[in-house]
2 protein chains.
Amino acid sequence: MGALAARYGLSRSALLYYDRIGVLSPSGRSAAGYRRYSPTDAARLARICRYRQAGLSLDVIRDLLDRPAADLTEALATRLEALNEQVRLLRRQKRHILSYLRAGRTPETSPFLTAERFVELLELAGVSAAQRTEWHAAFERSASAEHQAFLEFLCLPDSTIERIRQWAGGRAATPEEAPPAPPPAPPAAPGPAAPRTPPRPAPEP
Amino acid sequence: MGALAARYGLSRSALLYYDRIGVLSPSGRSAAGYRRYSPTDAARLARICRYRQAGLSLDVIRDLLDRPAADLTEALATRLEALNEQVRLLRRQKRHILSYLRAGRTPETSPFLTAERFVELLELAGVSAAQRTEWHAAFERSASAEHQAFLEFLCLPDSTIERIRQWAGGRAATPEEAPPAPPPAPPAAPGPAAPRTPPRPAPEP
DNA sequence: GTTGACCCGTCTACGACTTCACGGTTTGGA
DNA sequence: TCCAAACCGTGAAGTCGTAGACGGGTCAAC
């Protein structure tokens with residue numbers, strides 16, 4: 001048992017737990033009551049580990065392994081949905097933190113990736129503002145959800161994301177909700193030119 | 001009490017829990033033993049909620065509120081670290097799932113954002129392969145950690161990420177570890193030109 | 001026979017709550 | 001004045017997947 005656990009990078013207690021909840025029960029016991037895992041059991045454990053790498057819950061995994069009608073694709077799709085939601089939540093937390101940590105710093109002195117910095121890099125590579133605009137528009141047109149995700153990845157505040165997406169043509173902004181404030185320019189028409197500062201590795205994305 | 005909970009979007013049980021663990025104890029009780037929250041308590045709760053939005057644990061929050069020496073910036077930095085690690089884990093799970101869900105589909109029929117699709121969008125906007133190459137190089141040079149994060153955001157497999165980063169000049173690849181396989185072309189020198197397919201909203205990032 | 005190195009089952013702990021059960025208090029309307 | 005609904009209190013147990021501790025049994029080699 002210890003050998004099996006070690007082989008799959010699990011602890012003894014994990015295997016005990018799997019046994020207890022019926023996800024993986026050894027097919028036999030020794031005379032003294034020791035768990036005996038057959039090669040079939042090991043194969044089952046291998047599947048369990050693969051599914052757990054995808055973040056599936058042990059409940060779902062049990063269904064997948066025991067119920068012939070269970071649909072792996074559907075389970076993965078459901079998990080993907082939850083995963084996206086969770087990433088979104090974490091990113092929101094990240095934005096909260098960054099907005100505090102960045103307070104009082106200019107984007108140039110910030111050790112974090114900002115939209116401004118991202119745009120600087122594009123500038124450096126010779127991508128023009130017009131190209132960036134067109135890119136946002138194409139992104140919004142053909143993959144609006146991913147566009148949103150990408151803007152969230154840059155840790156932009158919600159209001160800025162909303163503004164960029166509207167301005168990229170995803171949905172026409174109603175005249176009433178004109179730009180509520182003059183926030184930092186959207187990443188496609190940004191601030192300074194190529195930075196003079198020497199490249200230095202940044203600690204945090 | 002119910003009113004306070006509702007005002008801050010919490011449940012009654014959450015406030016009970018906060019009281020129990022000493023994060024927020026009401027400053028008084030009514031004759032019948034009902035909790036009485038003063039405006040000071042409410043202000044404290046407001047801070048608690050803000051910190052929780054950043055994902056700080058209640059333990060840490062209690063220290064922050066009660067110990068004068070506690071350092072908010074440090075707590076947030078620590079949390080940011082954990083957050084990044086967690087996002088990395090979730091993204092790894094996502095890659096596992098996508099690699100399964102995408103199996104047997106061509107990138108064109110996949111409803112998910114792929115690196116190929118991302119590059120298509122850049123192509124559409126008129127960003128050349130040379131520009132993309134230069135962009136990767138600049139990204140790697142001046143913000144390698146963020147470059148890594150960005151490539152992970154695209155859910156590329158680790159091997160591809162490694163290859164792109166080496167090829168972008170971040171670190172010279174040792175001759176021994178030449179490309180182990182001919183995997184899909186890196187996003188900066190990708191496949192098809194602008195797609196003929198009509199834009200359609202994609203369900204998932 | 002003894003000494004380690006294994007193994008067993010059971011229990012507790014983690015975080016941030018929620019749910020349940022049972023009972024007291026307040027409040028509004030008839 | 002009475003009743004019911006809505007509120008409040010306490011306490012216990014459950015969630016999820018594991019880690020670790022405890023006390024004791026088993027096994028191999030020496």
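Above: the structure in question.
Procedures and definitions
Residues numbered from 1 in each chain as written. Chains lettered and ligands numbered in written order. Predicted model: local features only at pLDDT ≥ 70, side-chain atom pairs only at ≥ 80, totals over all residues. Heavy atoms only, no water. Least-squares fit on C-alpha atoms with pLDDT ≥ 70 in both. Contact = heavy atoms within 4.5 Å. Helix = DSSP H or I, 4+ residues; strand = E, 2+ residues; numbered from the N terminus. Buried < 20%, exposed > 50% of the residue type's maximum accessible area, 1.4 Å probe, protein only. Near = heavy atom within 4 Å. Polar contact = N/O pair within 3.5 Å; in protein donor to acceptor, adjacent residues only side chain to side chain. Nonpolar A, V, L, I, M, F, W, Y, C, P; charged D, E, K, R; others polar. Salt bridge = Lys/Arg side-chain N within 4 Å of Asp/Glu carboxyl O. Buried area = accessible area lost by both parts, 1.4 Å probe.

**Q** When you look at the relation of the copies chain B and chain A in this model, what are you seeing that I'm missing?
**A** Relating one copy of the chain to the other takes a rotation about an axis and a shift parallel to that axis. Structural alignment of chain B on chain A gives an RMSD of 0.3 Å, achieved by rotating through 180° and translating 0.1 Å along the axis. Here the two chains are linked by the operation of a two-fold rotation axis. Here 96% of the contact residues of chain B are again contact residues in chain A; the copies associate through an equivalent surface.

**Q** Help me out: how do you make sense of the environment of G104 of chain B in this one?
**A** All names here are of chain B. With respect to the secondary-structure elements, G104 resides in the loop between α5 (72-101) and α6 (115-124). Judged by relative accessible area, G104 falls into the exposed class, the value being 87%. Considered as a pair, G104 and Q131 are 27 residues apart in the sequence and their alpha carbons are 32 Å apart.

**Q** Please clarify how the protein's contact with DNA strand C should be interpreted in this entry.
**A** Close to DNA strand C lie 17 residues, the nearest being M1, R12, R29 and R35 of chain A together with S11 of chain B. Looking at DNA strand C alone, sugar and phosphate atoms form 67% of those within 4 Å of the protein. One of the backbone N or O atoms of G2 of chain A is found 3.4 Å from a phosphate oxygen in DNA strand C. In this structure, a phosphate oxygen belonging to DNA strand C sits 2.4 Å away from a side-chain N or O atom of S11 of chain B. Residue assignment for the surface near DNA strand C shows that the elements contributing at least two residues are α2 (12-20) of chain A together with α2 (12-21) of chain B. When residues of the surface near DNA strand C are assigned to their parent elements, the largest contribution, four residues, is made by α2 of chain B. In terms of residue class, the surface near DNA strand C is made up of nine nonpolar, four polar and four charged.

**Q** Looking at this structure, how should I read the pattern of salt bridges?
**A** Oppositely charged side chains may form a pair once their charged atoms are brought near each other. One pass over the structure, following the stated rule, counts 22 salt bridges over all chains. Note that D63 of chain B and R67 of chain B form a salt bridge whose closest N and O atoms lie 3.3 Å from each other. Given the relative accessible area of 33%, D63 of chain B is considered partly exposed. On the basis of relative accessible area, R67 of chain B is assigned to the partly exposed category, the value being 44%. The structure contains a network of salt bridges with shared partners spanning D19, R29 and R35 of chain A.

**Q** Sorry, what's going on with unusual backbone geometry here?
**A** Backbone phi values are negative for most residues with the exception of glycine, while trans is the configuration of most peptide bonds. All names here are of chain A. Of note, the phi angle at C155 is positive, near 60°, even though the residue is not glycine. In this fold, C155 is placed in the loop between α8 (144-153) and α9 (158-167). Exposure remark for C155: the relative accessible area of 8% places this residue in the buried category.

**Q** Would you take a moment to explain the interface of chain B and chain A for this structure?
**A** Frequently, the measure chosen for interface size is the accessible area that the parts lose on association. Every contact between the two is made by 54 residues of chain B and, on the other side, 52 residues of chain A. Summing both sides of the interface, chain B and chain A together bury roughly 5000 Å²; the carbon and sulfur share of this comes to 69%. For the pair chain B and chain A, the number of links is zero salt bridges. Among the secondary structure elements, those contributing two or more residues to the side of chain B that touches chain A are α3 (39-53), α5, α6, α7 (129-142) and α8 (144-153) of chain B.

**Q** How should the protein's contact with DNA strand D be read in this particular structure?
**A** Residues in close proximity to DNA strand D total 18 residues, the closest being S11, Y17 and Y18 of chain A together with M1 and R35 of chain B. In DNA strand D, the atoms that sit within 4 Å of the protein are 70% sugar and phosphate, with bases accounting for the remainder. Interatomic distance of 3.4 Å between a backbone N/O atom of M1 of chain B and a phosphate oxygen of DNA strand D. Going through the elements one at a time, α2 of chain A together with α2 of chain B are the ones with two or more residues in the surface near DNA strand D. No other element matches α2 of chain A, which puts four residues into the surface near DNA strand D. Taken together, the residues that form the surface near DNA strand D break down as eight nonpolar, five polar and five charged.

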